[in-house]
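# Breakdown of the fold
Here's the letter readout for the chains.
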Amino acid sequence: MAPQEPTAGEARAAAPAAGRRQVWRRLLARRTARAAGLVIALLLLIAVAAPLLSAIEGQDPTSYHNDLLDSAAGGVPTGSLGGVSADHWLGVEPGTGRDVFARLVHGARLSLLVAVGATVVQVTIGVLLGLAAGLGSRLLDQLIGNTTEVMLALPSLVFAISLMAVVPADFPRPLLLTLVIGLLGWAGTSRLVRAQTLSLRQLDYVAAARLAGAGRWRIARRELLPALAAPVITYAAILLPSNVVSEAGLSFLGVGVKPPTSSWGQMLSGATTWFRADPMYVLLPSAVLFATVLAFTVLGDAVRTELDPRAASRLRVGAARQAAASPTGPPTGPSVGLPVGLPADEEATA
Amino acid sequence: MTRFLLRKAVGMIGVLFALTLVVYAAFYLAPGDPAQLACGEKCSPAQVLQVRERLGLDAPVHLQYARFLQGLVAGRDFSAGTGLLHCPAPCLGVSYRSGEQVSDMIAARLPVTASLAFGAMVIWLVLGVGTGLLSALRRGRLSERLLTALTLTGTAVPVFVIGLVLLIVLCAQLQWLPFPSYVPLTEDPQQWFWGLLLPWFSLALIESAKYARLTRSAMLETLAEDHIRTFRAYGVSERHLVTRHALRGALTPVIALTAMDLGTLFGSAVLTESLFGLPGLGKLLVSSVSLIDLPTVVGLVLVTGFCVVLANIVADLLYAVTDRRVVLG
């Protein structure tokens, strides 16, 4: 089955639902979206102020505190709840005695930086290639289409692990994570943008621009990009939380950032050996990671509802049949493991 | 149908070819000397040179790649110590590290990952489709809210978080379940089941949310269709309507998605396997990546890529089988 040609209806759905300010207002009117936004704002604040916060606590994320560990018990923190004290607000890491609070807030920094960076890379590549495929010659379209096909078939987690491992250790790891996640995950965006471009370019206002003598580049920039903003933002909002998980997953597997840089995923992988002696050390990074991903997911859902009401209501009441009859949607990413490729989203299959 | 399959098969070969090319290119640029690694740390430079020659690592990279492709199609021979080691097609090469054939190594791990994937699938289908159907048939604010909450949470929890939490609660604290381990099904079915139960649930809980949502929306959508309305007008009972007529249409996307998810799972079970220490494909990948064991990594990428591509084709076929309106072309 060749990818289904989008209908005019989809193009209409793609047009911005309303002005930017209206969308903002309606987003703020949703209670869940407001809560999610608050959590994200807090996270951003923590990430930006990470060094300051750990300085207030009087700790840093890398110093060892062997004196706080019970060497007889194999390095479990002394004291209750993983060594919580006035000096160490959330206790210390078993085995090393590094401060958990400092490592968590610094982990927020890394997590957000990598996730946002990767999303920017994915969206940029996706939009550029999608536009090129939708507006360019048939040969170019074919070439980009095939590349996208290969990218979608890529066992992305397997590939990400391999790539992370082969790049020399002196290459900055956070940047590498960003690039690997970004470069492996643009296919969905590119596909979406191509389909939207193909349907948009048939609309009268684009034809009018063409007749007025506008070149391809100008049409792409002035006529198509504004109309593409809504679906692309919606898609990016779905990509972002999945990128947070990707970073945590790769670090969990030990191919992400290397110690002493701290990452939630890396803390969790350490926790697998300590969960019996020190459950706190598992729960803290788990809870933080969960809250982050949930907040981004909820916000993404709200953004979708506001920007693309048609698709959102379709999800609730039931999709148009012709959409469901086409199995050519992009395969959903391995949401179980690591959605580097595509976020788990039923729209992708429906 | 035949044309469809033929076209898909050609496309599949193209994709797999591109995959090998990309992995080869990436690993050729990798630091570290495979010959040194294969030989061990105490090897003298002369010995390393010998190993390099034996593994064919002294040849230019395009030649190495060509030999790899040749092995894949026609099989090839390796010199191993005294005699020749024949590796029949499709030959994925010989591990730099252990000297084992990659295809054997993968075949040995495949049952673990397959057990994990299929077991999890059964649970997520039961949980997901069941919840989805229930909430579609008993529409109401509560079930809708519950399902939305569940789905959002499900997509927000990474498997290594839910797995760890379940491990702490069910195995360490309550001791309801044994710590996960892998015992082959053929050896002891009971231990196989108990050892994998927790990994299955960790994977399935996350997946089932997606399936519940999909089942629900597909069911509602089918129930709104014309032919169902006609049946209803004829007085067919609601129960009969759902079980005999609507279910088939509603399950079409679910079946296709299942095929696709299963295919991807073979490559993405890495996290679950690492967390629970199951010796599957993912575990093999993580260890061979850290050892820069190129043939094993390439082999794994190929095999997992093959699973994904195959799953896509199967999903398309299943669509056509379950929904007659779909035309393969």
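Residues numbered from 1 in each chain as written. Chains lettered and ligands numbered in written order. Predicted model: local features only at pLDDT ≥ 70, side-chain atom pairs only at ≥ 80, totals over all residues.

Quick look at the overall build of chain A now. Within chain A, the regular secondary structure consists of 16 helices and 2 strands. Going through the 350 residues of chain A one by one, you find that 54% of them count as buried. Intrachain contacts of chain A at a sequence separation of at least 6 include 72% that bridge at least 24 residues. (Helix = DSSP H or I, 4+ residues; strand = E, 2+ residues; numbered from the N terminus. Buried ≥ 20, exposed ≤ 12 C-beta atoms within 10 Å, placed from the backbone. Contact = placed C-beta atoms within 7 Å.)

The next thing to look at is the overall build of chain B. In terms of regular secondary structure, chain B is built from 13 helices and 2 strands. Along the first, second and third principal axes, the C-alpha set of chain B runs to 85 × 55 × 35 Å. In chain B, the proportion of contacts linking residues at least 24 apart, taken out of those at least 6 apart, comes to 67%.

Below, the discussion takes up helix 10 (residues 204-211) of chain A. Where burial is concerned, little of helix 10 of chain A is hidden: 0 out of the 8 residues are buried. Directly beyond the C-terminal end of helix 10 of chain A, a positive phi value near 95° is found at A:Gly213.

Residues and elements named next belong to chain B. Two elements in contact, helix 9 (residues 226-233) and helix 10 (residues 238-268), have axes whose closest approach is 11 Å; the angle formed by their N-to-C orientations is 150°. Our classification of the angle between helix 9 and helix 10 gives roughly antiparallel. As for how helix 9 packs across helix 10, the hand of that crossing is right-handed. On helix 10, the residues that touch Ile228, Phe231 and Arg232 of helix 9 are Leu241, His245 and Ala246. Its residues placed into classes, the contact of helix 9 with helix 10 shows 4 nonpolar, 1 polar and 1 charged. (Axes fitted to C-alpha atoms, helices over the stretch in contact; angles between N-to-C directions. Parallel < 35°, antiparallel > 145°, perpendicular 65-115°, else oblique. Left-handed = near helix turned anticlockwise from the far one by under 90°. Nonpolar A, V, L, I, M, F, W, Y, C, P; charged D, E, K, R; others polar.)

Residues and elements named next belong to chain B. Here Tyr211 is to be found in helix 8 (residues 189-223). Overall, the presence of 28 C-beta atoms within 10 Å leaves Tyr211 in the buried class. With near-sequence residues (within four places) excluded, Tyr211 lies in contact with Trp124, Leu125, Gly128, Val129, Gly132 and Val254.

What follows deals with unusual backbone geometry. At B:Gln175, a position not held by glycine, the phi torsion is positive, near 55°. Relative to the helices and strands, B:Gln175 is located in the loop between helix 7 (159-173) and helix 8.

A few words on the confidence of the model for chain A. All names here are of chain A. Put simply, chain A has an average pLDDT of 78, and 82% of its residues get 70 or more. The least confident element of chain A is helix 16 (residues 346-349), whose mean pLDDT is 33; the most confident is helix 5 (residues 100-135), at 93. Under a pLDDT of 50 for its full length, residues 312-350 has, in the predicted model, 126 contacts with residues more than four places off or in other chains. (pLDDT = per-residue confidence, 0-100.)

Okay, the packing of helix 4 (residues 50-57) of chain A against helix 5 of chain A next. Residues and elements named next belong to chain A. As a packed pair, helix 4 and helix 5 sit with axes 9 Å apart at the nearest point and diverge in direction by 175°. Judged on the interaxial angle alone, helix 5 and helix 4 are roughly antiparallel. Residues Ala50, Leu53, Ser54 and Glu57 of helix 4 form the contact with helix 5, whose own contacting residues are Phe101, Ala102, Val105, His106, Ala108 and Arg109. Residue composition of the contact of helix 4 with helix 5, grouped by class: 6 nonpolar, 2 polar and 2 charged.

Let us look at helix 8 (residues 173-184) of chain A. Residue and element names in this part refer to chain A. For helix 8, which comprises 12 residues, the first-to-last C-alpha distance of 16 Å matches the rise-based estimate of 16 Å (1.5 Å per residue) to within 8%. Within the sequence span of helix 8, burial applies to Arg173, Leu176, Leu177, Thr178, Val180, Ile181, Gly182 and Leu184. The secondary structure elements touched by the buried residues of helix 8 are helix 5, helix 7 (156-166) and helix 11 (216-252). (Expected span 1.5 Å × (residues − 1).)

This part covers the environment of A:Ala195. Residue placement: A:Ala195 occurs in helix 9 (residues 187-200). With 21 C-beta atoms packed within 10 Å, A:Ala195 lands in the buried category.

What follows concerns the environment of B:Val94. Residue and element names in this part refer to chain B. Locating Val94 in the fold gives a position in the loop between strand 2 (83-87) and helix 5 (102-137). Looking at Val94, the number of C-beta atoms within 10 Å reads 25, which means it is buried. Spatially, the C-alpha atoms of Val94 and Ala233 are 66 Å apart, while their sequence positions differ by 139 residues. Leave out the neighbours within four places in its chain, and Val94 touches Phe78, Leu85, Cys87, Gly99, Glu100, Gln101, Val102 and Pro295.

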